[in-house]
Amino acid sequence: MGHRPHLCQVLSRPSIWPRFSDSSITHIPPGRSNSTVTSDQQVQNPFGMDEDCTNCPGLTDCRESVVHGYGDVGAEFLVVGAAPGPGADQSRIPFTGDDGGERLQWILGELGFSRSSPADPEPDLQNVFLTYLTRCRHPDRDPTDKEVDTCEPYLNGELRMINPEIIIPIGERVLRALAIEYTMRDPDGFDLPEEHATTIRGRGFELLPMRRLDRQTDADAEAFVAHVVETVFGRDYRQTKGRRER
Ligand code: SF4
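Residues numbered from 1 in each chain as written. Predicted model: local features only at pLDDT ≥ 70, side-chain atom pairs only at ≥ 80, totals over all residues.

Engineer: Can you break down the environment of Cys-56 residue by residue, with the values?
Structural biologist: Assignment of secondary structure puts Cys-56 in the loop between helix H1 (7-12) and helix H2 (57-60). Judged by C-beta crowding, with 19 C-beta atoms within 10 Å, Cys-56 ranks as partly exposed. A sequence separation of 90 residues divides Cys-56 from Lys-146, and the C-alpha atoms of the two residues are 8.6 Å apart. Leaving out residues up to four positions away in the same chain, Cys-56 has contacts with Cys-136, Glu-147 and Thr-150. (Helix = DSSP H or I, 4+ residues; strand = E, 2+ residues; numbered from the N terminus. Buried ≥ 20, exposed ≤ 12 C-beta atoms within 10 Å, placed from the backbone. Contact = placed C-beta atoms within 7 Å.)

Engineer: Can you tell me about the site of the ligand, naming the residues and giving the values?
Structural biologist: Close contacts around the ligand come from 13 residues, with Cys-53, Asn-55, Cys-56, Cys-136 and Cys-151 the closest. Only H2 and helix H5 (145-162) provide two or more residues apiece to the shell around the ligand. Looking at the shell around the ligand, the element that brings in the most residues is H5, giving 3 residues. Looking at the shell around the ligand, its residues break down into 6 nonpolar, 5 polar and 2 charged. (Near = placed C-beta within 6 Å. Nonpolar A, V, L, I, M, F, W, Y, C, P; charged D, E, K, R; others polar.)

Engineer: Give me unusual backbone geometry: which residues, what numbers.
Structural biologist: Despite not being glycine, Asn-45 shows a phi value in the positive range, around 45°. Relative to the helices and strands, Asn-45 is located in the loop between H1 and H2. Given 19 C-beta atoms within 10 Å, Asn-45 falls into the partly exposed group. A positive phi angle is found at Asn-163, which is not glycine, with a value near 55°. Note that Asn-163 resides in the loop between H5 and strand S4 (166-169). Using a count of 15 C-beta atoms within 10 Å as the deciding quantity, one classes Asn-163 as partly exposed.

Engineer: Lay out the environment of Val-148 in plain terms, naming residues and giving numbers.
Structural biologist: Positionally, Val-148 belongs in helix H5. Counting along the chain gives 66 residues from Val-148 to Ala-82, while the straight-line C-alpha distance between them is 8.6 Å. Discounting residues that sit within four places of it in the chain, Val-148 has contacts with Leu-133, Thr-134, Pro-143 and Ala-177.

Engineer: Can you explain the nonpolar core? Please cite residues and give values.
Structural biologist: Counting 55 residues, the largest nonpolar core has Leu-78, Val-80, Val-128, Leu-133, Ile-168 and Leu-178 as its most contacted members. Elements with a contribution of two residues or more to this core: strand S2 (77-81), helix H4 (99-110), strand S3 (128-132), H5, S4, helix H6 (172-182) and helix H8 (218-232). Ignoring any residue separated from it by four or fewer positions in sequence, one finds Val-80 in contact with Thr-131, Tyr-132, Leu-133, Leu-155, Ile-167, Ile-168, Pro-169, Ile-170, Val-174 and Leu-178. (Core = buried A, V, L, I, M, F, W, Y, C linked by C-beta atoms within 7 Å.)

Engineer: With reference to specific residues and values, describe the sheet that holds S2.
Structural biologist: Spatial strand order, S1-S3-S2-S4-S6-S5: 6 strands in an open sheet with mixed pairing. Strands at the two margins of the open sheet, each flanked by one partner only, are strand S1 (70-71) and strand S5 (200-201). The sheet contact formed by S1 and S3 spans 2 bridges and is antiparallel. Paired with Tyr-70 across the bridge in S3 is Leu-130. Contacts from H6 reach S2, S4 and strand S6 (206-207), with the element oriented near 140° to S4. (Pairing = 2+ DSSP bridges. Axes fitted to C-alpha atoms, helices over the stretch in contact; angles between N-to-C directions.)

Now the structure itself:
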(Lines give C-alpha, C1' and ligand atoms only; values in the text may rest on other atoms or scores of the structure.)
Protein backbone atom coordinates (compact mmCIF):
# COMPACT_ATOMS: atom_id res chain seq x y z
CA MET A 1 0.00 0.00 0.00
CA GLY A 2 2.93 2.34 -0.49
CA HIS A 3 3.34 5.09 2.07
CA ARG A 4 -0.40 5.43 2.79
CA PRO A 5 -1.27 4.58 6.40
CA HIS A 6 -2.55 1.08 7.14
CA LEU A 7 -6.22 0.82 7.95
CA CYS A 8 -5.65 -0.12 11.58
CA GLN A 9 -3.62 3.09 11.96
CA VAL A 10 -6.34 5.10 10.25
CA LEU A 11 -9.07 3.91 12.56
CA SER A 12 -7.13 4.47 15.74
CA ARG A 13 -5.77 7.94 14.96
CA PRO A 14 -7.39 11.14 16.12
CA SER A 15 -9.07 13.52 13.70
CA ILE A 16 -5.89 15.44 12.84
CA TRP A 17 -4.86 14.49 9.35
CA PRO A 18 -2.81 16.13 6.66
CA ARG A 19 -4.52 16.28 3.27
CA PHE A 20 -2.85 13.94 0.82
CA SER A 21 -1.19 15.40 -2.21
CA ASP A 22 -2.24 14.13 -5.66
CA SER A 23 0.92 12.09 -5.92
CA SER A 24 -0.02 10.03 -2.88
CA ILE A 25 -3.08 8.47 -4.52
CA THR A 26 -2.44 4.76 -4.85
CA HIS A 27 -4.70 4.02 -7.81
CA ILE A 28 -6.14 6.38 -10.38
CA PRO A 29 -9.37 4.77 -11.56
CA PRO A 30 -10.67 5.43 -15.04
CA GLY A 31 -13.43 8.01 -14.97
CA ARG A 32 -15.83 10.01 -17.05
CA SER A 33 -13.64 13.03 -16.50
CA ASN A 34 -10.51 13.85 -14.59
CA SER A 35 -12.10 16.88 -13.00
CA THR A 36 -11.88 17.26 -9.27
CA VAL A 37 -14.95 18.44 -7.44
CA THR A 38 -14.17 21.97 -6.38
CA SER A 39 -15.42 23.87 -3.40
CA ASP A 40 -17.75 26.06 -5.43
CA GLN A 41 -19.63 23.05 -6.80
CA GLN A 42 -22.47 21.76 -4.66
CA VAL A 43 -21.47 18.27 -3.55
CA GLN A 44 -23.86 17.97 -0.59
CA ASN A 45 -27.49 17.28 -1.55
CA PRO A 46 -26.77 18.49 -5.12
CA PHE A 47 -30.28 17.70 -6.33
CA GLY A 48 -31.94 19.91 -3.73
CA MET A 49 -33.92 17.16 -2.01
CA ASP A 50 -36.15 17.94 0.98
CA GLU A 51 -33.94 18.46 4.05
CA ASP A 52 -36.95 18.61 6.38
CA CYS A 53 -38.71 15.47 5.13
CA THR A 54 -41.18 14.11 7.69
CA ASN A 55 -42.51 11.12 5.77
CA CYS A 56 -41.41 8.57 8.40
CA PRO A 57 -43.04 9.33 11.76
CA GLY A 58 -40.74 6.90 13.60
CA LEU A 59 -37.60 8.74 12.50
CA THR A 60 -38.33 12.44 12.47
CA ASP A 61 -38.20 12.90 16.24
CA CYS A 62 -34.97 10.99 16.85
CA ARG A 63 -32.79 12.08 13.92
CA GLU A 64 -30.51 15.10 13.92
CA SER A 65 -30.43 15.49 10.13
CA VAL A 66 -31.78 14.25 6.86
CA VAL A 67 -28.61 13.05 5.12
CA HIS A 68 -28.99 13.17 1.35
CA GLY A 69 -26.31 12.20 -1.16
CA TYR A 70 -22.84 13.72 -1.43
CA GLY A 71 -20.09 13.66 -4.02
CA ASP A 72 -19.47 13.81 -7.75
CA VAL A 73 -22.75 14.02 -9.68
CA GLY A 74 -20.94 12.72 -12.78
CA ALA A 75 -19.73 9.66 -10.93
CA GLU A 76 -19.51 6.17 -12.36
CA PHE A 77 -19.47 4.62 -8.88
CA LEU A 78 -22.37 4.95 -6.42
CA VAL A 79 -22.00 3.82 -2.80
CA VAL A 80 -25.24 2.99 -0.97
CA GLY A 81 -25.46 2.41 2.80
CA ALA A 82 -28.58 1.40 4.74
CA ALA A 83 -28.86 4.54 6.89
CA PRO A 84 -26.61 7.32 8.23
CA GLY A 85 -24.24 6.49 11.05
CA PRO A 86 -23.93 8.68 14.12
CA GLY A 87 -21.27 10.86 12.50
CA ALA A 88 -23.28 11.58 9.37
CA ASP A 89 -26.38 12.24 11.44
CA GLN A 90 -24.46 15.12 13.03
CA SER A 91 -22.46 16.35 10.02
CA ARG A 92 -25.11 15.82 7.28
CA ILE A 93 -22.33 14.36 5.10
CA PRO A 94 -22.58 10.61 4.41
CA PHE A 95 -19.93 8.31 5.83
CA THR A 96 -18.08 10.88 7.90
CA GLY A 97 -17.48 11.48 11.58
CA ASP A 98 -17.35 7.93 12.92
CA ASP A 99 -15.31 4.73 12.62
CA GLY A 100 -17.48 3.24 9.88
CA GLY A 101 -17.21 6.39 7.81
CA GLU A 102 -13.44 6.48 8.22
CA ARG A 103 -13.21 2.88 7.08
CA LEU A 104 -15.13 3.66 3.89
CA GLN A 105 -13.14 6.86 3.29
CA TRP A 106 -9.93 4.87 3.66
CA ILE A 107 -11.15 2.44 0.98
CA LEU A 108 -12.12 5.33 -1.31
CA GLY A 109 -8.68 6.87 -0.82
CA GLU A 110 -6.95 3.62 -1.71
CA LEU A 111 -9.04 3.43 -4.89
CA GLY A 112 -8.22 7.00 -5.90
CA PHE A 113 -11.78 8.28 -5.41
CA SER A 114 -10.83 10.54 -2.50
CA ARG A 115 -8.02 13.04 -2.14
CA SER A 116 -8.81 13.60 1.53
CA SER A 117 -7.68 11.93 4.70
CA PRO A 118 -10.16 9.35 6.03
CA ALA A 119 -11.18 11.65 8.88
CA ASP A 120 -11.77 14.74 6.73
CA PRO A 121 -15.23 16.11 7.58
CA GLU A 122 -15.78 17.18 3.96
CA PRO A 123 -14.14 14.56 1.72
CA ASP A 124 -12.83 15.70 -1.64
CA LEU A 125 -14.33 13.03 -3.91
CA GLN A 126 -14.17 12.36 -7.62
CA ASN A 127 -16.01 9.74 -9.69
CA VAL A 128 -17.95 8.50 -6.64
CA PHE A 129 -21.23 9.53 -5.03
CA LEU A 130 -22.30 8.46 -1.52
CA THR A 131 -25.88 7.93 -0.44
CA TYR A 132 -28.32 5.77 1.56
CA LEU A 133 -31.45 3.64 1.31
CA THR A 134 -32.95 5.72 4.14
CA ARG A 135 -31.67 9.18 5.00
CA CYS A 136 -32.64 9.42 8.68
CA ARG A 137 -30.96 7.62 11.55
CA HIS A 138 -32.70 5.85 14.39
CA PRO A 139 -30.16 5.47 17.19
CA ASP A 140 -31.46 2.10 18.39
CA ARG A 141 -32.56 0.12 15.35
CA ASP A 142 -32.17 -0.46 11.64
CA PRO A 143 -34.74 1.04 9.26
CA THR A 144 -38.02 -0.83 8.83
CA ASP A 145 -39.17 -2.16 5.47
CA LYS A 146 -41.82 0.57 5.39
CA GLU A 147 -39.18 3.27 5.94
CA VAL A 148 -37.05 1.83 3.14
CA ASP A 149 -40.08 1.89 0.82
CA THR A 150 -41.02 5.42 1.86
CA CYS A 151 -37.50 6.75 1.24
CA GLU A 152 -36.98 4.87 -2.04
CA PRO A 153 -37.93 7.79 -4.34
CA TYR A 154 -34.89 9.77 -3.13
CA LEU A 155 -32.48 6.96 -4.01
CA ASN A 156 -34.30 6.31 -7.25
CA GLY A 157 -33.98 9.99 -8.16
CA GLU A 158 -30.24 10.00 -7.49
CA LEU A 159 -29.78 6.80 -9.49
CA ARG A 160 -31.57 8.26 -12.48
CA MET A 161 -29.72 11.57 -12.36
CA ILE A 162 -26.26 10.12 -11.78
CA ASN A 163 -26.73 7.00 -13.92
CA PRO A 164 -23.68 5.20 -12.50
CA GLU A 165 -21.95 2.21 -14.01
CA ILE A 166 -21.20 0.45 -10.73
CA ILE A 167 -23.14 0.33 -7.46
CA ILE A 168 -21.47 -0.59 -4.19
CA PRO A 169 -24.16 -1.78 -1.76
CA ILE A 170 -22.95 -1.82 1.84
CA GLY A 171 -24.53 -4.59 3.90
CA GLU A 172 -27.04 -7.31 3.16
CA ARG A 173 -30.07 -5.06 3.56
CA VAL A 174 -28.93 -2.78 0.75
CA LEU A 175 -27.82 -5.65 -1.46
CA ARG A 176 -31.22 -7.33 -1.18
CA ALA A 177 -33.11 -4.08 -1.82
CA LEU A 178 -31.11 -3.35 -4.99
CA ALA A 179 -31.13 -6.95 -6.14
CA ILE A 180 -34.93 -6.93 -6.41
CA GLU A 181 -34.81 -4.29 -9.11
CA TYR A 182 -31.41 -4.59 -10.68
CA THR A 183 -30.47 -8.29 -10.82
CA MET A 184 -32.09 -11.49 -11.97
CA ARG A 185 -31.17 -13.26 -8.72
CA ASP A 186 -33.40 -14.16 -5.81
CA PRO A 187 -32.72 -11.47 -3.16
CA ASP A 188 -33.03 -14.11 -0.43
CA GLY A 189 -30.20 -16.05 -2.03
CA PHE A 190 -27.49 -13.56 -1.09
CA ASP A 191 -25.05 -14.34 1.71
CA LEU A 192 -23.02 -11.20 2.20
CA PRO A 193 -19.91 -12.64 3.76
CA GLU A 194 -19.71 -14.78 0.61
CA GLU A 195 -20.55 -11.93 -1.80
CA HIS A 196 -18.16 -9.36 -0.25
CA ALA A 197 -15.57 -8.17 -2.76
CA THR A 198 -17.14 -9.95 -5.73
CA THR A 199 -18.88 -8.65 -8.86
CA ILE A 200 -22.58 -9.33 -9.50
CA ARG A 201 -23.77 -8.53 -13.00
CA GLY A 202 -27.08 -6.73 -12.96
CA ARG A 203 -29.52 -5.12 -15.32
CA GLY A 204 -27.85 -1.87 -16.27
CA PHE A 205 -25.39 -1.86 -13.37
CA GLU A 206 -22.75 -4.08 -11.87
CA LEU A 207 -22.95 -4.52 -8.10
CA LEU A 208 -19.84 -4.78 -5.93
CA PRO A 209 -21.20 -5.85 -2.53
CA MET A 210 -19.38 -4.79 0.61
CA ARG A 211 -19.87 -6.08 4.18
CA ARG A 212 -21.33 -3.71 6.74
CA LEU A 213 -18.63 -1.31 7.81
CA ASP A 214 -19.05 -2.16 11.49
CA ARG A 215 -18.51 -5.85 10.72
CA GLN A 216 -15.55 -5.48 8.37
CA THR A 217 -12.07 -6.52 9.34
CA ASP A 218 -9.01 -4.79 7.97
CA ALA A 219 -8.52 -7.86 5.76
CA ASP A 220 -12.07 -7.42 4.38
CA ALA A 221 -11.33 -3.80 3.50
CA GLU A 222 -8.08 -4.71 1.82
CA ALA A 223 -9.77 -7.55 -0.11
CA PHE A 224 -12.38 -5.10 -1.42
CA VAL A 225 -9.70 -2.70 -2.64
CA ALA A 226 -7.80 -5.54 -4.30
CA HIS A 227 -10.94 -6.83 -6.04
CA VAL A 228 -11.79 -3.43 -7.52
CA VAL A 229 -8.24 -2.74 -8.66
CA GLU A 230 -7.67 -6.16 -10.17
CA THR A 231 -11.05 -7.02 -11.69
CA VAL A 232 -12.85 -3.71 -12.28
CA PHE A 233 -10.25 -1.06 -13.12
CA GLY A 234 -8.44 -3.53 -15.35
CA ARG A 235 -11.29 -3.84 -17.87
CA ASP A 236 -13.90 -1.70 -19.60
CA TYR A 237 -16.64 -1.82 -17.00
CA ARG A 238 -18.65 0.76 -18.98
CA GLN A 239 -19.86 -1.95 -21.37
CA THR A 240 -22.52 -2.79 -18.74
CA LYS A 241 -24.62 0.09 -19.98
CA GLY A 242 -25.02 -1.45 -23.39
CA ARG A 243 -27.21 -4.17 -21.97
CA ARG A 244 -30.01 -1.96 -20.78
CA GLU A 245 -31.88 1.03 -22.12
CA ARG A 246 -32.30 3.65 -19.44
S1 SF4 B 1 -36.04 8.21 5.99
FE2 SF4 B 1 -36.36 9.22 4.00
S3 SF4 B 1 -38.58 9.28 3.67
FE4 SF4 B 1 -38.22 8.83 5.87
S5 SF4 B 1 -38.27 10.84 6.87
FE6 SF4 B 1 -36.13 10.41 6.38
S7 SF4 B 1 -35.79 11.37 4.35
FE8 SF4 B 1 -38.02 11.22 4.68
